[in-house]
Each structure stands twice: as C-alpha cells, then as structure tokens.
Amino acid sequence: MAQKSEHYNASDIQVLEGLEAVRKRPGMYIGSTGPRGLHHLVYEVVDNAVDEALAGYCDLIEVWIHPDNSITVADNGRGIPVEKHPKEKIPTVEVVLTILHAGGKFGGEGYKVSGGLHGVGVSVVNALSSRVEVRTIRDGKEYEITFDHGKTKTKLHEIGKTKHKGTKVTFWPDPLIFTETLEFDYDTLANRFREMAFLNKGLKIVLHDERVREGEPEVTETFQYSGGIVDFVKYLNDGKETLNKPIYFAAESEDGTVEVALQWTTSYSTNSVMAFANNINTHEGGTHLDGFKQAITRTLNEYARSKGILKEKDANLTGDDAREGLAAIISVKLHDPQFEGQTKTKLGNTEIRPLVQNAVTRGLAEYLEENPAPAKRIVTKAAQALKAREAARKAREATRRKGVLDSFSLPGKLADCSSKEAAQSEIFIVEGDSAGGSAKQARDRQYQAILPLRGKILNVERAGLNRSLSSETISSLITAIGTSIGEEFDADKARYHRIIIMTDADVDGAHIRCLLLTFFYRYMPELIDRGYIYIAQPPIFGLKKKNSRTGKIERYIYDERALSSTLAEYDDPGKFDVQRYKGLGEMDPEQLWETTMEPATRTLLQVSIDDAAEAERVVSELMGDQVEPRKEFIQKHAHDVRYLDI
Ligand code: 0R9
C-alpha cells in the first residue's frame, strides 16, 4: 500500500505498522521461523477453510505443494466477501489479508466456532510471504487480488464469470524470513490434514504434491472419514488386539459440542488419549481431559464393584489402571475457547468439565450394562493393571532396599560429572564398554557424565514395567537419571538436562537407540516433552592424507550421502584415504571428543514428538508383539529407513 501515496492516510499507516511488526518479530506470531513456523503458514490458511466447513458452507479443501515451494489452498465455500469494508473503505478481502487479527471478525456475525492455535489470521501469512495471490468467487464472478511482501500489488479486480464456488489462496513463503528452510515436508502436512479430516466428519481434504522426484509419480492423497473420531480411534489401534468395538458419545450445550470415541486394547501403554479443542491438539490437557479421566475412572470402579470384579478388600482402580491400553479421542468445539499453559495448548473453560464428565459417565455406564462381554474384558484388564502396579511397587521397594533405584547409590558403571547443576549437566548413554572407556577419557568431567551400557536393553514395549525393573541395565539407567519411574516419576528430579544417546552408526547401534527411545517414550515421556533427550551424531567416515605419518584426520563426514560430494569437492587429485568408522570404539578419545562430544562443534539431534498419534502407532508397530504390522511397516519404509525416527 506504500505505492498509492496520493491516498495515503492514517489507517494505511496503521496497516503497514501491523504487518511490519509481524516481519520484525515473526516468532511471536507463528512460533518460529524454522520448519515448524513454515508449516504453520499452511495451517493458518487451511484453518480458515476449515472454519468455513464448520459453519456448514464448505465440504472440500484442496492443498497443492508446488515445485517452487509455494502452496495453494482452495475451498468450495462462500468465498471471502469483496464488498467495501465499512470502516476501512477497501474490499473486505483486502482487509482480511492486510490487517492484523482481521480474521473471522469481519464476516458480519463471524464464525460460531473457529480453529487455529494462534488465531492470527491470514494477514500474518501475507506479511511473511514474498507474494500472495487470492481468488474469491462471489455471485458467480471470480475476483483476484495480489500482494507483494504483505503490500497490495494489484487491487481487487474481476477476472471472469464462473459456475464454481469458493476461495483460493496461493503464497510464496519469504526466503528472507524463512532462512533455515523453504521446503515443505509432505508427511508433516499429510498427518495434520488426516487429523483434521478425522476431527471433522465427512470433510474432504485432498493433498497434492507436485514436486517431481526421479522415477516417482506425483503424489495425491485424500483424507475423508465418514466415521470421524471413531475412525481416528480405529486408526490409532490399527494392528493392535482390541477388547471392544469403538464406543462413541456426543453431547451438546449452549457452550459447545463434545464428542468422545474410545476403545481398549491389550497394550500396556497409557498415552493414546488425545484431547482436542476446536481442532487443536491440547497437548497440555485441560478441563475437557480432566472431565473425561474422572468419568472413566469412576465408572469403571463402580462397574467393577457392582459385578464383584473388585472385592471389598481390593483398592480402587487408579486413573492409570483404568486407562491402560485405552485409545481415546475427546473433541470439543467451543464458541469461546480459553487456551492456557506454557504452549497455549491447555483448555481452561471450566463449563466444559461437567459437560464431558456427564456425557462420558452416562454413555460408558450404559455401554457396560448393555455389553457385558466386552465390559468384563475391559474391567478385568484394569484390575490386572492394578495388580501389576502393586507388584511393580513391591519390586521397586525390594530393589530400593538393595539400593539399586536409589540415587544415593549411583550405579558403579556411571562416571558422574562433578557439577550438581542439572541444567548444565549432560549424560552420555554409550553402547559398550570400549566406547564407554574412550568417552570417559574424552569427556569434560565437570559437566559430562558417562553411562556405558553392557548387554542388551529389554524391549519395554513387550516386557512391561514390572519385568523391566528387574533388568540391571534399565535400573541403572533410571538411577543415573534420578527421576524414578511409574507413580513416583518426577521430571524435576532429572540429574541432567541433556540425556544423550550415543550408539554406533550401524544396525546394532540403531537397534539399541530404538530400544532406548521406546523406554523414554513409554516411561519418561515428560523428558521428551521437555526436550531433554538427544541423539549424538558420530562421524561415519574420516578423510586422511595418503601415506600420512601422523595419521591425522583432515575431515570428518557424518552422512553417507555426503561422502561422494565431499570427495568430489575436496579430493579431486585422489590424495585422501577414506576410513570408515564401524563403531565409536574405533575412535581414540581425542577424536571422539572433537567429533561427537565437544559442545562447541558437535551436532546433536533433539528428540521431539511432533505428532503424538503417529508416534504411538510407530512405537506399537515396531516394538509391540504383533509381527504382521511390523513386517508391513518395514516393507513400506524399506527405502527411507535412513530417515526413520520417532
Ligand atoms: C482457501 C482458504 N480459505 C479462506 O481463507 C477462506 C476465508 C473465508 C471466509 C468466508 C468464506 N470462505 C472463506 N475461505 C466467509 C464468507 C462470509 C462470511 N464469513 C466468512 C460471507 O459470505 O458472508 N472469510 C473469512 C473471513 C472473512 N471471510 C471475512 F472476514 F472477510 F468476512
């Protein structure tokens, strides 16, 4: 808008300042300018289309990832209005794109329910894009308006008549803002759209990836679920042994709507319960989740007592007992959601707790009475969880009497650091004694502790907590970390804020890493949430001058694919020998220090769970006791196994 100087007025200045502020501090609006923030741009636009679907005017959303890293989102709704905005005196569509927080507030009454985590609106996408093109169809006429770095480039103009309906937005993320990467990750987008389609029954979301990869066709995937969150629960439990058909309840009040779907499996895990508010995954929980949990625990206890499955002398089932093996989706849609918590993903609306609690109590009690066979399986499983928990506590007490879990008696193999400041301290979990020995010599004693792992680690996914505790490797891990486990787990007691898995760059190393990640995911997930878990990146090749007397490594290579390009660039006359490191033990302490352990120069991968549903499925498929899903997973991912991680 800066170009149209003859019409420059006070509201224009305000507009410019608004979007300039977004460009100056993008993190405040989209979280980061890394890959997460980049993908957030897409969600922000798709959320607008989903709002139109929730209002009942649209049932198809299409998304294209173009080869030049631009994105198009199209919906078949009413089209963004083009009439002059009464206050701003420019077309409403231009207001929506150029004024901060202008979102749904401008559409007359606005939307009853609106998604979007930050709710910042599409103007933020405009501010952070080098170019945006918007097409909107109103009364059979198609209009276009374009923007350049957030400023109007071509004013709204009609481009023709059409029988179609809807809005189409294309944007090019600004390379000056997204300096880390401009590349969209297909799976990240696909997982989010799958989730959205589950949460909005019947809504069709089509994702097209137009980026051509050698020898591969263009990818198009359609997400549409006539069963909504019931299909979501089936998806979470795919390949698991289930105890009941998915149960579904819905309730409505003047505050909003509640939908719940749930199904128990034979699994030991308790972290497949996901709660959403206005399509946002409320990772930090909140009132809807509290209401749900209370209802499940109470109802199962009452049923178990009334049927004599729990006797008078027996203790009550705890929430964890009742939820062991449970997969559930709680989805609430509210007119005025209050998001709280550190990451604004905790629902605060108190009126929602009784709404969910009553719906689940009534619905579940009725289900149990009407379906005695699955009801018995569900309650018996919870009663077994109670017994296993009591047995695990006894095992823990016995091991503690022996002094094993106690942090006063740290494991003998641990070479601890001298600092007691957890925030500055780190522990390397190292595969094998020989690498452990090198690491102990290499480390900075003040801040770096080394725990060598001898022998195999149990697969906790199959063994359960009780048996895992009797494994020396697992108990020394728990003691060294200091948080305890199970009911007594306390993340604040972690003795290190960087827990670094350092295994060999071979198949065995990958297996051990996988077992350790499964352990942290199942029993210490809060350490992953807090960002305490890391994976070390040792080099896999070293380049050495031919006939070198000193044997000095001139250059380290960390990535198989980088070897040939590095050789081509660095070694054209062929004067280097390539040494392949099969294990950490092949490096001397100085080499291990400079390549993998020195904070100033090393690379660490921080483990995070972007997509809880996907993580849960992958862990159960890969680590659980059913062979068939694992086989299918490995066949499907055989080609990209280098990039596989949770
Ligand atoms: C491709 C992504 N889709 C959108 O961004 C999109 C926004 C949008 C919309 C309305 C309809 N479809 C949309 N798609 C709309 C229309 C009307 C009222 N409210 C919303 C109407 O016809 O009266 N809008 C979102 C905000 C606005 N429109 C508004 F502020 F301009 F009204």
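Structure shown above.
These figures come from a predicted structure and were not determined experimentally.

### Topic: the overall build of the protein chain
Per the secondary structure count, the protein chain includes 20 helices and 23 strands. Residue pairs in contact within the protein chain that sit at least 24 positions apart in sequence constitute 69% of those at least 6 positions apart.

### A look at the side chain of Thr 146
Mapping Thr 146 onto the fold places it in strand E4 (residues 141-148). Of note is the side chain of Thr 146, whose polar atom sits 2.4 Å from the side chain of Thr 154. Setting aside residues up to four positions removed in sequence, Thr 146 forms contacts with Arg 131, Val 132, Glu 133, Lys 151, Thr 152, Lys 153 and Thr 154.

### Section: the sheet that holds strand E5 (residues 151-161)
Strand order in the open sheet formed by eight strands is E5-E4-E3-E6-E2-E1-E7-E8, with mixed pairing between adjacent strands. On the outer flanks of this sheet lie E5 and strand E8 (219-223), each paired with one strand and no other. For this sheet, the mean angle separating the axes of adjacent strands, direction not counted, is 10°. Two strands pair when backbone bridges link them, and strand E7 (residues 204-209) and E8 are joined in this way by five bridges, in the antiparallel orientation.

### Some remarks on the packing of aromatic side chains
Summed over all chains, the structure comprises seven aromatic pairs. Between Phe 232 and Phe 276, the ring centres sit 6.0 Å apart and the planes meet at 40°, which makes this aromatic pair tilted. Of this pair, Phe 232 sits in helix H7 (residues 229-236) while Phe 276 sits in strand E11 (residues 272-277); the two residues are 44 residues apart in sequence, bridging distant segments of the chain. Judged on exposure class, the residue Phe 232 and its partner Phe 276 are both buried. With a centroid separation of 6.2 Å and an interplanar angle of 50°, the aromatic rings of Phe 519 and Tyr 523 are classed as tilted. Here Phe 519 and its partner Tyr 523 are both found in helix H15 (residues 507-523), four residues apart, which amounts to about one turn of the helix. The ring centre of Trp 64 lies 5.8 Å from the NZ or CZ of Lys 168, which sits over that ring. In this structure, Arg 192 is placed above the aromatic ring of Tyr 43, and the distance from its NZ or CZ to the ring centre is 5.7 Å.

### As for the pattern of salt bridges
All chains considered together, the criterion is met by 24 salt bridges. One salt bridge connects Arg 78 with Glu 52, and the closest N-O pair in it is separated by 2.8 Å. In this pair, Arg 78 is assigned in the loop between strand E2 (71-75) and helix H4 (92-98) and Glu 52 in helix H3 (residues 35-54), connecting sequence segments 26 residues apart. What makes Glu 52 buried here is its relative accessible area of 6%. The structure contains a network of salt bridges with shared partners spanning Arg 135, Glu 142 and Glu 144.

### Notes on the pairing of strand E20 (residues 541-545)
As paired elements, E20 and strand E21 (residues 553-557) share four bridges and run antiparallel to each other. If you follow Leu 543 over to E21, its bridge partner there is Arg 555. Where E20 and strand E22 (residues 576-580) come together, five bridges link them in antiparallel fashion. Residue pairing in the sheet places Leu 543 in a bridge with Val 578 of E22.

### So, the sheet that holds strand E12 (residues 280-281)
Strand order in the open sheet formed by five strands is E9-E10-E13-E11-E12, and the pairing between neighbours is mixed. Two strands close off the open sheet at either side, each with one partner strand: strand E9 (247-253) and E12.

### Points about the pairing of strand E17 (residues 448-453)
Side chains on a regular strand alternate between the two faces of the sheet. Buried residues dominate E17, accounting for six of its six residues. The side-chain alternation of E17 yields two buried faces, one formed by Gln 448, Ile 450 and Pro 452 and the other by Ala 449, Leu 451 and Leu 453. In the sheet, strand E16 (residues 426-431) pairs with E17 via six bridges, with the strands oriented parallel. Bridged to Glu 426 within E17 is Gln 448. In this view, the connection linking E16 to its parallel neighbour E17 by way of helix H12 (residues 433-442) has right-handed handedness.

### Digging into the packing of helix H14 (residues 472-481) against H15
For the pair H14 and H15, the least separation of the axes is 13 Å and the interaxial angle reads 60°. Between H14 and H15, the interaxial angle falls into the category oblique. In the crossing of H14 with H15, the sense of the turn from one axis to the other is right-handed. Residues Ile 474, Leu 477, Ile 478 and Ile 481 of H14 pack against Leu 516, Phe 519 and Phe 520 of H15. Counted by class, the contact of H14 with H15 contains seven nonpolar, no polar and no charged residues.

### Quick look at the packing of H7 against helix H19 (residues 612-623)
How two helices sit against one another is set out by the angle between their axes and by the gap between those axes. For the pair H7 and H19, the least separation of the axes is 9 Å and the interaxial angle reads 35°. Contacts between H7 and H19 involve Phe 232, Tyr 235 and Leu 236 from the first element and Ala 613, Glu 614 and Arg 617 from the second. Here the residues of the contact of H7 with H19 are counted per class, giving four nonpolar, no polar and two charged.

### Concerning H3
The terminal C-alpha atoms of H3, which comprises 20 residues, lie 28 Å apart, in line with the 28 Å expected from a rise of 1.5 Å per residue. A large share of H3 lies buried, amounting to 16 of its 20 residues.

### Observations regarding the nonpolar core
Grouped together as the largest cluster of nonpolar side chains are 65 residues, with contacts concentrated most on Val 42, Ile 61, Val 63, Phe 193, Leu 207, Phe 232 and Ile 329. Top element by residues in this core is H3. It accounts for nine residues. Setting aside anything within four residues of it in sequence, one finds Val 42 in contact with Val 63, Ile 71, Phe 171, Phe 184, Leu 189 and Phe 193. Core analysis: the second largest hydrophobic core is formed by 44 residues, Phe 489, Ala 494, Ile 512 and Ala 615 among them.

### Overview of the environment of Val 258
In this structure, Val 258 sits in strand E10 (residues 256-264). What Val 258 contacts, discounting residues up to four positions off in sequence, is Phe 249, Ala 250, Ala 251, Ser 331, Val 332, Leu 355 and Val 356.

### Some remarks on the side chain of Thr 297
Mapping Thr 297 onto the fold places it in helix H8 (residues 287-306). For Thr 297, a relative accessible area of 15% translates into the label buried. If near-sequence neighbours (up to four positions away) are discounted, Thr 297 is found in contact with Leu 317, Thr 318, Gly 319, Ala 322 and Arg 323.

### Re the environment of Phe 576
Within the secondary structure, Phe 576 sits in strand E22. Distance in space between the C-alpha atoms of Phe 576 and Ile 553 is 9.8 Å, their sequence separation being 23 residues.

### Describing unusual backbone geometry
The phi torsion of most residues other than glycine is negative, and most of the peptide bonds are trans. Despite not being glycine, Lys 89 has its phi angle at roughly 60°, a positive value. If you trace the backbone, Lys 89 turns up in the loop between E2 and H4. Taking relative accessible area as the criterion, Lys 89 reaches 54% and is therefore assigned exposed.

Thresholds applied
Residues numbered from 1 in each chain as written. Predicted model: local features only at pLDDT ≥ 70, side-chain atom pairs only at ≥ 80, totals over all residues. Heavy atoms only, no water. Helix = DSSP H or I, 4+ residues; strand = E, 2+ residues; numbered from the N terminus. Contact = heavy atoms within 4.5 Å. Polar contact = N/O pair within 3.5 Å; in protein donor to acceptor, adjacent residues only side chain to side chain. Pairing = 2+ DSSP bridges. Axes fitted to C-alpha atoms, helices over the stretch in contact; angles between N-to-C directions. Phe/Tyr/Trp six-rings, centres within 6.5 Å; stacked < 30°, edge-to-face > 60°. Buried < 20%, exposed > 50% of the residue type's maximum accessible area, 1.4 Å probe, protein only. Lys NZ or Arg CZ within 6 Å of the ring centre and 35° of its normal. Salt bridge = Lys/Arg side-chain N within 4 Å of Asp/Glu carboxyl O. Right-handed = clockwise from strand over helix to strand, strands pointing away. Parallel < 35°, antiparallel > 145°, perpendicular 65-115°, else oblique. Left-handed = near helix turned anticlockwise from the far one by under 90°. Nonpolar A, V, L, I, M, F, W, Y, C, P; charged D, E, K, R; others polar. Expected span 1.5 Å × (residues − 1). Core = buried A, V, L, I, M, F, W, Y, C linked by side-chain atoms within 4.5 Å.

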